[in-house]
Every structure is written in C-alpha cells, then in structure tokens.
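What the coordinates show
Here is how the chains run, residue by residue.
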Amino acid sequence: MTELLNALAATFSPAVLACLVLGTALGLVVGAIPGLGASMLIALTLPITFHMANDTSISLLVGEYVGGISGGLISAILLNMPGTPASIVTTFDGYPITRKGGAARALSLGIVASFAGGLISALFLAGLSPFLAKFALRFGPWEYFGLIMMAFVMLAALAEDSLLRGLIGAVLGMAFALPGIDASSGEARLTFGLDPLLSGFDVLPVLIGIFAIRQILSEAGQAAPPPEMVASKGALAFGRRDLTRFMPNILRSSVIGTWIGLLPGIGASVASLVSYGSARAFSKTPERFGKGEEHGIVASEAANNASVGGALIPLVTMGIPGSVVDAILIGALMIHNLQPGPLLFQNSPEVAYGFIAAYLVANFIMLGLMWMGTRGIARLTQVPGWALFPLILLFCVVGAYAINNDWFDVWVMLGFALLGLVLSFARIPLGPFVIGFVLAPIAEGQLRTGLMYSDDGFAGVLERPWAVTFLAIAALSVVAPPLLRLVKRRRSPAP
Amino acid sequence: MTRRPHPASDLALSLLLLVIAALLLGGAAQLPPPQFDPLGSAALPRILAGLLIVFALITGARAVLLWRAGGASDALPWSPGAAARGAAVLGLLVAFILVMAAGLAPFWAAGTVYVAASALLIGGFTPRRLVVTVLGGLALCAVLTVVFTRFFYINLP
C-alpha cells in the first residue's frame, strides 16, 4: 500500500503528470481517428521514450494506451465508424442515438462508462498484482515456458480468421527474433554474414514498421475522404439518477472486461461484445438493443476500458502480454533494461507500482480531457489523410534513425512494413506475429535453462504441476476447436 | 465480416513460408553442435522451420483444392488503384530515405520536399495544398531538428 501511495505521489510530479496528460491527449486523438490506433501511436512514440527516464516514459505510454482505447468512442458515436476495434459495439447503439439528436447524451454515457470501467479495473490491478507477483515468484523456467506457450497458442487460436493463420503469425514472429548472437553459446546465429544483424532486429524499427508504416501505406492507398460527422449539440451531462440507473451495468461490464483482459489475446473488442450480450440478457427491453439503447453504450465502453487494466495485470506480474499493445509495452520496458515479471515488484517497485498509479491517474485525465474537449477531438478526426500521413511517415523515419543513428534500422523498419503488408494481404494476424517476436527470446531462454537444470530432459516439466497445467491449456486450445467442429458436424443432420 | 483469402495469395504465402523455412534450415546447418546446454542454438530454428513447412503445405494444399473446386473469386484482396497509390507513396518514402542515407540533401530540405510530394500524391494537386504542405513540412522539419538536437542530442543528417 505504501509503495502504491508513493507511486501515486510520484505521478503528480510536474514532468510525469505532463507526460500522462500529453500521452492521454495524443491517445484520444489517435484513437478517435478511424484507421489509426493505440498500437501505432505507442510504436511511434517508443524512439522518444528511449531518451526519457523510466517514470516519464511509462506515464506517456500508459496515457496513450488509455486514451487510445477511449478515443474510439467519439468516432463510433458521431461518425458510426469505430476509431478502434474496441469501439465497434459502441456504434450499435451510439450512432442511432446520435441520429435521433442525442449525440451529447451518447457521448456523456460513453465517457462516464469508460472512466468507471478504467477505474474499477485499476482497483483490480492494484489489488491483485502484488499477490499475483508474489505467487509468480515460485515459478521457475518450466512454468514461464509453459505460460508463454499458453499465451502464444491462445493468441493464435483467437486470431480473427483461423487457428492456422494465427499460428503462422506466431511462428513467423518467433523466426524473425532468432538472428543475432545466441545468449547461451555466444555464437552468431542466422546472421548470414551481415554484421548489423549480430545484435538482431531491434524491437523498435520492427514495431514502427509493422504498426505505423504498414498502416499508413495501406490507408494512403485507399485515400478515403474523412467520413461525414453528425454535429453534437447540447452540453454533456451525467446526473446522480443516471449513476443509480447504470451502476449495475457498469459494475457487471467492468468486471467482465477486467477478467477478459486478463486472458492473453482476447482483447477489448471481445470484452465489449461479451458485456453487451450480458447487458442485453439482463435487460427488460432487449429488443431495443441495436436501435439506440443507452445500456448498450455503457456496457461496451465500460468493458473495453476495463480490459486495459485487466491486460496490464499479467503484464506487470508475469511479463505476459494480454494484447498487442501490451507486447509493445513489454518491448518498451526491455529498452529500459527492465524485465516485466514478479521480480519487477522486488527489484524496481517504483516501476511496477508506477504502472498501476499511471493507469489510475490516466483514467481521471481521460475523463477530464474528454468531458472538456470531445468536440475539438471530433473535429480532428476530419483532418484529411493527405495532411496527416506524410507527417507520420516522416516522423517514423526520424524515429527509427534516432534509435542508433544508423540507417540500417530505417531499412529494417521499411522491410518489416512490407512484410506486414504481405501478411495483411494474406490475412495473417499481426498480433501473434508481434507477440511471437517479443516473447520468443524469453521462451527459448527459459526452455534452455529448464533443460540445463533438469536431469530428465523434457520429462523435467512433469515435475512442475503449473507448467503442465499451462502446457495442457495450450494443447487444448489447439486441439479443442477442430474437435468441437468435428463433433458439431457429425451431430448436425445431413442435408 | 472477414474476407476469404484469394487462393493466389495463399499460394504466395505458402511459397514465402517455404523460403523462410529454407533460410532457417540453411542458417541452422552452419551452427556448431551444442556444448553446454542440451538444446543448442540450432534447435529452435529447426523446430520453427519444420512448423513453417507443415503450415506451408496445409495452406498450399487448401489453396489448390479451393481453386480446383472453383471456389476462387476473381477479386484480388486489394484494388489495383489502391495498390498503385500505396506503391507510389512507398516509392517516395524509399527515395527520401535513399537521399538522406546518401547525404545528398540536408534533412530540412529533403523532409519538406518529401512531405509536400507525398501529400500531393495522396490528395491530388491544388496550388493551395502545395503551399500548405510546403509550409507544414518546413515547420515539422524545423521542430524535429530542434527537438532531436537540443533535447536528445541526436544530429539529424
């Protein structure tokens, strides 16, 4: 508790607070612009954080994460176009309310629900993380290997198209993490005689290429004009009566969002969909959902913001990313020579609790900025692509170059942007790719350490019940879906 | 709603996976056998290459079966116009990086020209847009130069 209070106090230092406000504001703007998202913004910002202190860089990135998820509701409600996938469900009821002239009402509900969802998941994050971290201290290399395998497979299994494509993404990501000096033997591996590859592919140019350059090239090709916005008239308002009316829905959706966020790979969009379904199931007027039901906005927005806090729990306590953005955050910590996991609470408590405090405060800042500046942010979504994209691309080049003052990083960034485009065309999800790239060295290191400690080779894993559990869940995630499909096909009558 | 991948793109993916698997196997073959740890540095590349080959065969076989069954749509996963515009934007970006890497122009000049040219390529030419983008590009390059040299002590070329 003392550490958390100290971290909260540190969050209010001028530099950290300024970074939190800036990060949240940037996140809101980028989150509100359809096509751009938190992952792109965070990847773009990483080169700058490279030169910043731990506390300010964490604040900036966490602010961007919270803002990026929350900003999506503005375009979802005013444009019927979700700024982020997490806000898709918000369009179901948000835009119908806007069309009836209730834009201000829909925005008010979305903003307050987002804030409440974030706040409730922050409480879970603060309450659960220290205990989970203590529990995870018992984990050895086999447990970590099992945990990472479970995260890989769950992410791949929940990929948008198919398990096979998700697995291809994860394995390709792991393959691109292999070049460089092997940590165990000190030999150059898969460098093909190229000296710059001795240190492997730097995580920053890879992330900028995959998330920023690829996205911009793809959007610039389409060159769609900005969508037409419905004007928001009237003041934002949320009264005590609203609080009483929506509280059960907010609580239920926030808990659903937090727990879904905890599971690797499921993410904010599924969280909002599940809580929307549950709100409809609990409703006395389920037929109104999809036609402008206020509870629909509340359920979606509370859950997608809560999933951010939920996803931060495995990240901070075990170093396992719950989403793509979390994988980028792990990359950010690694740049600062910080290894997320249970030892973070022991070795760098100011960083571990700093994450929690920054997330908590970022939600208050998000509430303030959105309440005061929604109309301004909405206007920014109307900035045309021709004005925005060249600036972002220029910034990417400068950012990649500034990492090591080396043009090799810029070419790496460009190469991964092209790879990302090819993978997108082939419908290979990029989430498993990035998580494979970030976690492969850790997984390999843990496996090799486990084998070195074990007298029985791979059978050593059988002596570790948690490792067996994680690997069994991973195996089930691969085997269960095709088996279930087969059973379903056999049960269904022949046409 | 998800779009069904075109069999041609699946065949290309299958080929790409085989090429990457071959690179992994070729690189792993050059690594010495393990000395201190039981697994060694060549094991993971070989495992991943094996998985990629399996995935490539499944993806390729599915694409061929779909094609033979006549389930292939004529539409490619991207429109030719969008692909051409995206390629042109990429070409400009590559040209900008080449100019900068070769030291042919200072950052402020190359950056301004790049921003203006890209904006006109994406949005189309109008005299007003030209003025706006040149001024915007110049301002951004000036800000980036000041931020990187004064705050991060990095000299942009």
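Residues numbered from 1 in each chain as written. Chains lettered and ligands numbered in written order. Predicted model: local features only at pLDDT ≥ 70, side-chain atom pairs only at ≥ 80, totals over all residues. Heavy atoms only, no water.

Topic: helix 3 (residues 38-49) of chain A
Residues and elements named next belong to chain A. With 12 residues, helix 3 should cover 16 Å at 1.5 Å per step; its first-to-last C-alpha distance of 15 Å lies within 8% of that length. Within helix 3, 11 of the 12 residues are buried, which leaves it mostly tucked inside the rest of the structure. Where helix 3 is concerned, the buried positions are Ala38, Ser39, Met40, Leu41, Ile42, Ala43, Leu44, Thr45, Leu46, Pro47 and Thr49. (Helix = DSSP H or I, 4+ residues; strand = E, 2+ residues; numbered from the N terminus. Expected span 1.5 Å × (residues − 1). Buried < 20%, exposed > 50% of the residue type's maximum accessible area, 1.4 Å probe, protein only.)

What to know about the domain arrangement of chain B
As far as domains go, chain B holds domain 1 (7-68) and domain 2 (80-151). Taken over C-alpha atoms, the centre of domain 1 of chain B sits 39 Å from the centre of domain 2 of chain B. (Domains from an automatic or database assignment.)

As for the nonpolar core
Judged by nonpolar contacts, the single largest core of 145 residues is most densely connected at Tyr65(A), Leu172(A), Phe355(A), Phe433(A), Leu24(B) and Leu52(B). Considering every element that reaches this core, the biggest residue donor is helix 15 (residues 349-380) of chain A, with 15 residues. With residues up to four places along the chain from it excluded, the contact list for Leu24(B) reads Ala175(A), Leu178(A), Leu190(A), Pro45(B), Leu48(B), Ala49(B) and Leu52(B). Counting 48 residues, the second-largest nonpolar core is a separate cluster that includes Ala212(A), Leu393(A), Ala417(A) and Leu93(B). (Core = buried A, V, L, I, M, F, W, Y, C linked by side-chain atoms within 4.5 Å. Contact = heavy atoms within 4.5 Å.)

Structural notes on empty space enclosed by the protein
Residue and element names in this part refer to chain A. A complete count under the given rule lists 2 cavities of 30 Å³ or more for this structure. If you add up the space inside the largest cavity, you get close to 60 Å³. Every residue along the wall of the largest cavity is listed here: Ser57, Ile58, Leu61, Val62, Leu329, Ala332, Leu333, His336, Leu338 and Phe355. Contributing elements (two or more residues each) for the lining of the largest cavity: helix 4 (54-78) and helix 13 (324-335). The element that contributes the greatest number of residues to the lining of the largest cavity is helix 4, accounting for 4 residues. Residue composition of the lining of the largest cavity, grouped by class: 8 nonpolar, 2 polar and no charged. Looking at the second largest cavity, its volume works out to about 40 Å³. (1 Å grid on protein atoms, 1.4 Å probe; cavity = no way out; pocket = protein on both sides within 12 Å on 5 of 7 lines; lining within 4 Å. Points joined across faces, edges and corners; volume = space filled by probe spheres on them. Nonpolar A, V, L, I, M, F, W, Y, C, P; charged D, E, K, R; others polar.)

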